[in-house]
Amino acid sequence: MPYTKRRRLVTSAVAVALGATALAACGSESGDSETESGPVSLTYWTWTPGMDKVVDLWNKGPGKKDQITVTVKKQASGDTLITKILTAHKAGKAPDLVQAEYQALPTLVSNDALADISRNVGDAKDRFADGVWQQTTLGTDAVYAVPQDIGPMMFYYREDLFKEYGLTVPTTWEEFAETARKLKKAAPDKDLTTFSANDSGLFAGLAQQAGAKWWTTSGDQWKVAIDDAATQKVAKFWGGLVKEGAIDNQPMYTPSWNKALNTGKQIAWVSAVWAPGTLTTAAPATKGKWAMAPLPQWSASENSTGSWGGSSTAVTTDSKHQEAAAKFASWLNTDRDALNALAKESGIYPAAKNAQTSGAFLKPPAYFSNQADFYSKAADIAETTAPSAWGPNVNVAYTTFKDAFGAAAKNKSDFGAALEEMQDDTVADMKKQGFEVAE
């Protein structure tokens, strides 16, 4: 999510994104656009590989019938794309459709860049888990995007080494900690896993599972609670394991981390549904030796997971054909043929529930050929995705996380202090940008 210098105000000079009412009010409603008649040409900005092949299905099928043609314009992902969208929107030249990560939606909405398409896609709600759909509504009656792909979190472990060391797959975080200690006692040269500070999404997902609500609104004010009780619990838990040496403290995605996975020095990984692709590259020698299970819970009676990654398809307020754009966005993310093509061409894990156990997901990933029920289990886990609460400056929170928690993990120092720094930096930035923040 980009760091924009201007205050996030609509042209009427009334601040937006200050509360649920204001959020629901901002963004043009697609129902206000003129009824489509005659040929319509739409432009779609996306970073997803193979999207042009998926869109071809629309252009030759439903789109041709409705005289709606979509042209794909490949873009960079992440903050780079959001900055480009906001720049284009400022000039009134944003594309009709954009791909946006869930945590980026509040920034786009607060800049009045996304249209409310609830009148056109509201009936798609039942296709998605409640916690997933909520990320596109921002807790309002509006709908600012259609979910495309998701990253429900789960627990991955070396099945063979768990058996060798007499370890049981943990179902609670307390059991997870005991498993880490038991392994360290039996094999001091091995680690159950590592705490990594180079991917903020992991920590955000863990906090989400614990019930964290980092950004919420009350009236016309934002409340930032990155240091809420749920997140403090998560930080204290992982900080404690790092400090006592029960787990490793090295970052992910490094040659050293890859080697640890490939040689069995690290025998488990808290990750998301896309992990098989990463493991295929990072630990090729261990193919067929891993298994997947639900994320441990904070209490045995709970059943929820966090989300690590995922994106949506949104319609911009600059589009002159919002109704047609919304029709395409709905097709792209709910139609069986479109979803099968997305899985085949783009390698995504679909947000639509009906696509998670069909087509490309009838068989397990090749890396997990030993676990026939991989995708049926993943679908069950995805259904338990906890709701999230994103705000307009996730990028600032994420940057501070990497710096503060990176230092804390390396030095085995207080994670609580790092969390407080994350909270303070986020609040300071919001005030600087002109948002009203409740103390």
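Since the model is a prediction, treat every value here as computed from it, not as a measurement.

### A word on the overall build of the protein
Next up, step 1: Along the protein, the regular secondary structure elements total 18 helices and nine strands.
Next up, step 2: Relative to its length of 439 residues, the protein is compact, with a C-alpha radius of gyration of 22 Å against a globular reference of 22 Å.
Next up, step 3: In terms of its C-alpha atoms, the protein occupies a principal-axis envelope of roughly 70 × 50 × 40 Å.
Next up, step 4: A buried classification covers 57% of the 439 residues belonging to the protein.
Next up, step 5: Taking the intrachain contacts of the protein between residues at least 6 apart in sequence as the baseline, contacts between residues at least 24 apart amount to 76%.
Next up, step 6: With the model as given, the accessible surface of the protein reaches about 17,700 Å², and the carbon-plus-sulfur share is 49%.
Next up, step 7: Of the charged side chains in the protein, 44 are positive and 49 negative; the average position of the first set lies 6 Å away from that of the second.

### Quick word on the side chain of Q135
Next up, step 1: Checked against the element boundaries, Q135 lands in helix α7 (residues 130-137).
Next up, step 2: What makes Q135 buried here is its relative accessible area of 3%.
Next up, step 3: One polar contact links Q135 to S388, side chain to side chain, over a distance of 3.1 Å.
Next up, step 4: Here W390 takes part through its side chain, which lies 2.9 Å from a polar atom of the side chain of Q135.
Next up, step 5: The contacts of Q135, once residues within four sequence positions are left out, are Y102, L105, S307, S388 and W390.

### Considerations on the pairing of strand β5 (residues 215-218)
Next up, step 1: Relative to strand β6 (residues 221-224), β5 runs antiparallel, the two sharing four bridges. Directly across from S218, in β6, lies its bridge partner Q221.
Next up, step 2: Linking two consecutive strands that pair antiparallel, namely β5 and β6, is a turn of two residues; a positive phi of about 65° is found at G219 within it.

### Re the packing of aromatic side chains
Next up, step 1: Within this structure, the stated rule accounts for 39 aromatic pairs.
Next up, step 2: Consider the rings of F237 and W238, whose centres lie 5.6 Å apart with planes at 85°: the pair is edge-to-face. Across the pair, W238 and F237 agree in class, each one buried.
Next up, step 3: Ring geometry for F374 and Y375: centres 5.1 Å apart, planes at 85°, overall edge-to-face. Each member of the pair, F374 as well as Y375, is classed as buried.
Next up, step 4: The aromatic ring of W45 is capped on one face by K84, whose charged end is 5.1 Å from the ring centroid.

### Structural notes on the pattern of salt bridges
Next up, step 1: Considering all chains together, one arrives at nine salt bridges under this definition.
Next up, step 2: Its salt-bridge partner being R181, residue E244 comes within 3.0 Å of it at the nearest N-O pair. Linking E244 in helix α11 (residues 229-244) with R181 in helix α9 (residues 173-186), this pair joins segments that are 63 residues apart in sequence.
Next up, step 3: Since its relative accessible area comes to 33%, R181 is described here as partly exposed.
Next up, step 4: D191 serves as the salt-bridge partner of K184, at 2.8 Å between the closest nitrogen and oxygen.
Next up, step 5: Judged by its relative accessible area of 21%, K184 is partly exposed.
Next up, step 6: When salt bridges with common partners are traced through the structure, they connect E178, R181 and E244 into a single cluster.

### Some remarks on the confidence of the model for the protein
Next up, step 1: When pLDDT is averaged along the protein, the result is 91; 92% of the residues meet or exceed 70.
Next up, step 2: In this model, residues 1-35 is a region of pLDDT below 50 whose contacts with residues beyond four sequence positions or in other chains number 97 contacts.

### Looking at the packing of helix α12 (residues 255-263) against helix α13 (residues 275-282)
Next up, step 1: Running from N to C, α12 and α13 cross one another at 90°; their axes reach a closest spacing of 9 Å. Comparing the axis directions of α12 and α13 gives the class roughly perpendicular. Facing W257, N258, L261 and N262 of α12, the residues of α13 in contact are T278, L279 and A282.
Next up, step 2: The class makeup of the residues in the contact of α12 with α13 is four nonpolar, three polar and no charged.

### A short note on the side chain of T46
Next up, step 1: Along the chain, the position of T46 falls in strand β1 (residues 40-46).
Next up, step 2: Only 3.1 Å separates the side chain of T46 from the backbone nitrogen of T48, close enough to count as a polar contact.
Next up, step 3: Here T46 is in contact with M51, V72, K73, K74, Q75 and Q99, once residues within four sequence places are set aside.

### Quick notes on α7
Next up, step 1: Counting buried residues along α7, six of its eight residues qualify, which places the element largely inside the surrounding structure.
Next up, step 2: Regarding α7, the residues found buried are G131, V132, W133, Q135, T136 and T137.
Next up, step 3: Contacts made by the buried residues of α7 are with α5 (105-110), α6 (118-121), β4 (146-158) and β9 (307-315).
Next up, step 4: A positive phi of about 55° marks L138, the residue just after α7.

### Focus: α9
Next up, step 1: The end-to-end C-alpha separation of α9 is 20 Å, in line with the 20 Å expected for 14 residues at 1.5 Å each.
Next up, step 2: Turning to α9, its buried residues number three or more, namely W173, F176, A177, T179, A180 and L183. Looking down the long axis of α9, one finds its buried residues gathered within 160° of arc, a one-sided arrangement. Residues of α9 that are exposed and angled more than 90 degrees away from the buried face: E174 and K185.
Next up, step 3: Buried residues in α9 make contact with β4, α8 (159-164), α10 (200-209), α11 and β7 (268-272).

### Side note on unusual backbone geometry
With the exception of glycine, the majority of residues adopt a negative phi angle, and the majority of peptide bonds are in the trans configuration.
Next up, step 1: Phi at D112 is positive, roughly 60°, even though this residue is not glycine.
Next up, step 2: Inspection of the secondary structure puts D112 in the loop between α5 and α6.
Next up, step 3: Positive phi, normally seen in glycine, also occurs at Y253, with a value near 65°.
Next up, step 4: Its location among the elements puts Y253 in the loop between α11 and α12.
Next up, step 5: Note on Y253: relative accessible area 37%, which makes it partly exposed.

About the criteria used
- Chains are numbered independently. Their residues run from 1 in the order of the written sequence.
- pLDDT decides what is reported in this predicted model: residues at 70 or higher carry local features, side-chain atom pairs at 80 or more are listed and counted, and totals for whole chains, interfaces and linings draw on all residues regardless.
- As a rule here, side-chain values cover all heavy atoms of the structure and leave hydrogens and water aside.
- Secondary structure elements are defined from DSSP: runs of H or I of at least 4 residues count as helices, runs of E of at least 2 residues count as strands, and each element is numbered from the N terminus.
- The globule rule used here is 2.2 Å times the number of residues to the 0.38 power, and the radius of gyration it is set against is calculated over C-alpha atoms.
- Note on exposure labels: buried denotes an accessible area under 20% of the residue type's maximum, exposed denotes more than 50%, and partly exposed covers the range between, all computed with a 1.4 Å probe on protein chains only.
- Contacts: residue pairs with any heavy atoms within 4.5 Å of one another.
- Reported accessibility uses the Shrake-Rupley method at a 1.4 Å probe radius. Residues are deemed covered only where the shown protein chains occlude them.
- Here Asp and Glu are counted as negative and Lys and Arg as positive; His is not counted, and neither are the chain ends.
- Here the site of a charge means atom NZ of a Lys, CZ of an Arg, CG of an Asp or CD of a Glu.
- Under this definition, polar contacts are N or O atom pairs within 3.5 Å; protein pairs additionally need one hydrogen-donor-capable and one acceptor-capable atom, and for neighbouring residues in sequence, both atoms have to be side-chain atoms.
- Two strands qualify as a pair provided that DSSP identifies no fewer than 2 bridges between them.
- Whether two aromatic rings pair depends on their centres lying within 6.5 Å, for rings of Phe, Tyr and Trp, where Trp uses its six-membered ring; planes under 30 degrees apart make the pair stacked, over 60 edge-to-face, and the rest tilted.
- Should the NZ of a Lys or the CZ of an Arg lie within 6 Å of a ring centre and within 35 degrees of the ring normal, that charge is described as sitting over the ring.
- The term salt bridge refers to a side-chain nitrogen of Lys or Arg lying within 4 Å of a carboxyl oxygen of Asp or Glu.
- pLDDT gives the predictor's per-residue confidence on a scale running from 0 to 100.
- As a rule, the C-alpha atoms of each element are fitted with a line to give its axis, helices using only the stretch in contact, and angles between N-to-C directions run from 0 to 180 degrees.
- Note on terminology: angles under 35 degrees are roughly parallel, angles over 145 are roughly antiparallel, angles of 65 to 115 are roughly perpendicular, and the others are oblique.
- Under the scheme applied here, ten amino acids are nonpolar (Ala, Val, Leu, Ile, Met, Phe, Trp, Tyr, Cys and Pro), four are charged (Asp, Glu, Lys and Arg), and all others, including Gly, are polar.
- Multiply 1.5 Å by the residue count of a helix minus one, and that product is the helix's expected span.
- As used here, the arc belongs to the directions running from the helix axis to the C-beta atoms.

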